[in-house]
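An overview of the molecular structure
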Amino acid sequence: MHLTDEQLLELPVYGLANNEKQSFLHSQLTFLDSHHKKHCAPYQRLQQSFADTMPLAVPLFKQFLLSSINADQQHRLLTSSGTSGAVSKISLDAQTAQLQSKILTKTLQHWLGKQRLPMLIIDAKQTIRKKTTMSARAAGIQGMLFFGRDPHFALNDDMTLNMPVIDAFFEKYRATPVFMFGFTFIVWQQFIQALTKCDKNMKFEKGVLLHGGGWKKMQQHAVSNKAFKQAVAEQLGAINVHDYYGMVEQTGTIYIECEHGFLHTPAWSDISIVDAATQQPLPTNTQGVIQVESVLAKSYPGHRLLTEDLGTLHGEDNCQCGRLGKYFTVQGRLAKSQVRGCSDTFI
Amino acid sequence: MTPLFKHTSLQQLQGNFTQLSPQAAPFQDDTVADIAAFSQFLLKKQQSNAISALGFWCRKANILAMKKHYMALNHSQPRGLVFHITPANVDTVYFYSLLLSMLCGNCNIVRISDRSGEQTYQLIALLNEFLSLHPYSVLNSLCAIVSYPSNAQDITEHFSEHCDMRIIWGGDDAIEKINQQANVQHQVCFPDRYSLAVIRLSTNLDVDLAVTRFIRDFNAFSQQACSSPKAILWYQTSLELQQLFWQALRLALSKDESQFSQTAKANRLYHLQQLILLANINIQAIDKYSEFMRCELLTFLPDMLLHHQGDGLILSYQLQRLELNKTDKLQTISCFGLNASEQNQLATAAIRTIALGQALTFDHYWDGVDLLEELSC
């Protein structure tokens, strides 16, 4: 049965077990298959020779504007940040944008609580000032601002520490729950390392640091997730650190790392780990290419995508944290694929 | 020693060129002897098929054959300083034009792409090893190899301004960009080209030989060399024999460690989808294997291959008549099972027709250009 947007929003974030989830996804995704064939001519071209729906290769969105809406319905054009010039272009109508933002809210509230927390953004205010086309980094921050209150930007425009702001934030909120957000490499290099260098530590009593954008640069600097968490604890005190994985081609869907170090699929999305050449699913605990599905890609044919990222599926419905759905880890990008993504824009 | 500099500034690069001597006489005895020695050195190393192929190509007998060809040209002078700009996708090709240029007596600056593959660096390491054993070799005084980022335009401008000739190993975009940055009066460019194979299998006995030869053309450089076949056009071949060919190809490719990286394998789906949207291909069937992806087409035009990016995607098509639309981008047709007159029928459609298995064999006459003639005057 096909669900309306309202019904979609009713679903529990991590509460659908395999059977229920697969039948729900199947009906939504099959609907989207035919919807996009009807409304997006290139998508129809891509699929017409095949009995089974092929996932679209993510870099296609850099080369073609694949959209299932008329130009006048376009509410927003999202672009990924890319240094090499080629960026993904994702076309959203008002309804899709609204649905995606509501689902994102619901997912994040699971981790942050319904109360909006005082927020420290580990970036410069400058980053979100360009308004016309939004980079994924700006869009990420812009989107997150909604989940906090009293936002403070921790960095100056030249990406150095803005100590007066940081001090003020700490003085005001050291004893209450806080929400920090930033891109992994920026958090690491411009914030945690910079604080270490000037021998500054601030022990917050409670809070969440959400960070994402990939580990590529972190791996180059040989920083592990564990070392990252340890450094955060030393500098910032009792802050729970959660990595996340997501992509501009799947806005609204966010995979957040649980207490046991695994990324979790929310109800509206699924992942499979597939063989690079054949796209056949690989067994659990085997590294392969990440293929994603999302029921939120309504205005563009992004509901089944073959990413350029490598990951490993660790299980389904039985993570020690208790959340249902598949849980996985990301090992980075396929070697030498074109540079894509968020934190890669900086430095 | 041939240095591999990695600097972004022009000044640092310049200082290192003092080793370059003025040009030598064409096919001078010591140049011939030194390159022949380098050939033996490479062959003994057996580092990779591509490097051994290079070693075999520059053996003494072949150099002497080229010398004969050169003498017939009635040229007597080297060009002077030749600036080579090499491709990222075919790791060893720059060395062929470099050796030809040295044989003609030119002094050379070779810019290797900062996106170059592993074999590029292996070759430079081998050259350095050779030069440490033969410090007085002309190879030392006739070439310098440099690397710098593609956005360091001033370095390209500098070399272009000071060279007597430039060689750009494509593609079209790079050639256009470099020409905009700095014009050079005498230059040879190798633009984007594509290639295909026409195969006729008559009996089961043909299958293994065709597979062995096809692999030679298909497998190297992630199928990205301009002369690597991107499509197989079947001529008067039963579907059963074609089936046997695909099976044997899989088997043969699976025996060796894969030439295609995981990225290449994952790219095949992307490349296929690009072809559907850019070249408007119509697909009848598709088979995805770890070794390659086969895509059977309902219609075929050589132009479709312009958007083909290699990585182990083989287009397959049933050719009814030995006729192909003429296009100046079709470089090589590798033929198997065709007689001379049939091969002739295809000759007008491409820059060269050649036996299957020979597509990547380098010749001084390359892509319709006689490099020996261009590199001298």
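Note: the structure precedes this text.
What comes next is a walk through the structure. Predicted, not measured: the structure shown is a model, and the values here were computed from it. (Residues numbered from 1 in each chain as written. Chains lettered and ligands numbered in written order. Predicted model: local features only at pLDDT ≥ 70, side-chain atom pairs only at ≥ 80, totals over all residues. Heavy atoms only, no water.)

**Thoughts on the overall build of chain A**
Note the threshold: Runs of H or I in DSSP of at least four residues are treated as helices and runs of E of at least two as strands, each being numbered from the N terminus. For a compact globule the rule gives 2.2 Å times the number of residues to the power 0.38, and the radius of gyration it is set against comes from C-alpha atoms. Note on exposure labels: buried denotes an accessible area under 20% of the residue type's maximum, exposed denotes more than 50%, and partly exposed covers the range between, all computed with a 1.4 Å probe on protein chains only. Whether two residues touch is decided by their heavy atoms; if any such pair falls within 4.5 Å, the residues are in contact. Accessibility throughout is a Shrake-Rupley quantity obtained with a 1.4 Å probe, and a residue counts as covered only by protein chains that appear here.
Along chain A, the regular secondary structure elements total 10 helices and 14 strands. Since a compact globule built from 347 residues should have a radius of gyration of about 20 Å, the 20 Å found for chain A is in line with a globular shape. Along the longest, intermediate and shortest principal axes, the C-alpha atoms of chain A span 60 × 45 × 40 Å. Counting over 347 residues, chain A shows a buried share of 57%. Residue pairs at least 24 apart in sequence account for 71% of intrachain contacts in chain A once pairs closer than 6 positions are excluded. Carbon and sulfur atoms form 52% of the exposed surface of chain A, whose accessible area is close to 14,400 Å².

**Comments concerning the sheet that holds strand S9 (residues 283–288) of chain B**
Residue and element names in this part refer to chain B. Rules: Two strands qualify as a pair provided that DSSP identifies no fewer than 2 bridges between them. Here an axis means a line fitted to C-alpha atoms, over the contact stretch when the element is a helix, while the angle between two N-to-C directions is reported on a 0 to 180 degree scale.
What the seven strands build is an open sheet, ordered S9-S10-S11-S8-S7-S12-S13; its pairing is mixed. On the outer flanks of this sheet lie S9 and strand S13 (352–355), each paired with one strand and no other. Here the strands of the sheet are splayed against their neighbours by 25° on average, with no regard to which way each runs. Both strand S7 (residues 194–199) and strand S12 (residues 330–336) contribute to a ladder of five bridges, which runs parallel. Residue pairing in the sheet places Val 198 in a bridge with Cys 335 of S12.

**Section: the interface of chain A and chain B**
Rule in force here: Reported buried area values correspond to the accessible surface (1.4 Å probe) lost by two parts on association, with both partners' losses combined. Here a polar contact is taken to be a pair of N or O atoms separated by no more than 3.5 Å, where protein atoms must pair a possible hydrogen donor with a possible acceptor and residues adjacent in sequence count only if both atoms sit in side chains. Three residue categories are used. Nonpolar comprises Ala, Val, Leu, Ile, Met, Phe, Trp, Tyr, Cys and Pro, charged comprises Asp, Glu, Lys and Arg, and polar comprises the others, including Gly.
Of the residues lining the interface, 26 residues belong to chain A; the matching set on chain B comes to 24 residues. Roughly 2,200 Å² of surface becomes buried between chain A and chain B when both sides are summed, with 62% attributable to carbon and sulfur atoms. Linking chain A with chain B are nine residue pairs in polar contact (both at pLDDT 80 or more), by the criterion used here. Elements with a minimum of two residues in the side of chain A that touches chain B: helix H3 (41–47), strand S1 (56–57), helix H4 (60–63) and strand S13 (304–316) of chain A. A total of three residues in the side of chain A that touches chain B trace back to one element, the largest contributor, which is H3(A). When the residues that make up the side of chain A that touches chain B are grouped by side-chain class, the tally is 18 nonpolar, six polar and two charged.

**Some thoughts on the packing of helix H3 (residues 49–57) of chain B against helix H6 (residues 118–133) of chain B**
Residues and elements named next belong to chain B. Formally: An angle below 35 degrees is treated as roughly parallel, one above 145 as roughly antiparallel, one from 65 to 115 as roughly perpendicular, and anything else as oblique. Put simply, a crossing is left-handed when the front helix is turned counterclockwise from the back one by less than a right angle, and right-handed when it is turned clockwise.
Two elements in contact, H3 and H6, have axes separated by 10 Å at closest approach and are oriented at 50°. With respect to each other, H3 and H6 are oriented oblique. The handedness of the crossing between H3 and H6 is right-handed. Residues Ala 50, Ile 51 and Leu 54 of H3 pack against Gln 119, Gln 122, Leu 123 and Leu 126 of H6. When grouped by side-chain class, the residues that make up the contact of H3 with H6 number five nonpolar, two polar and no charged.

Any functional reading would require information beyond the geometric quantities listed.
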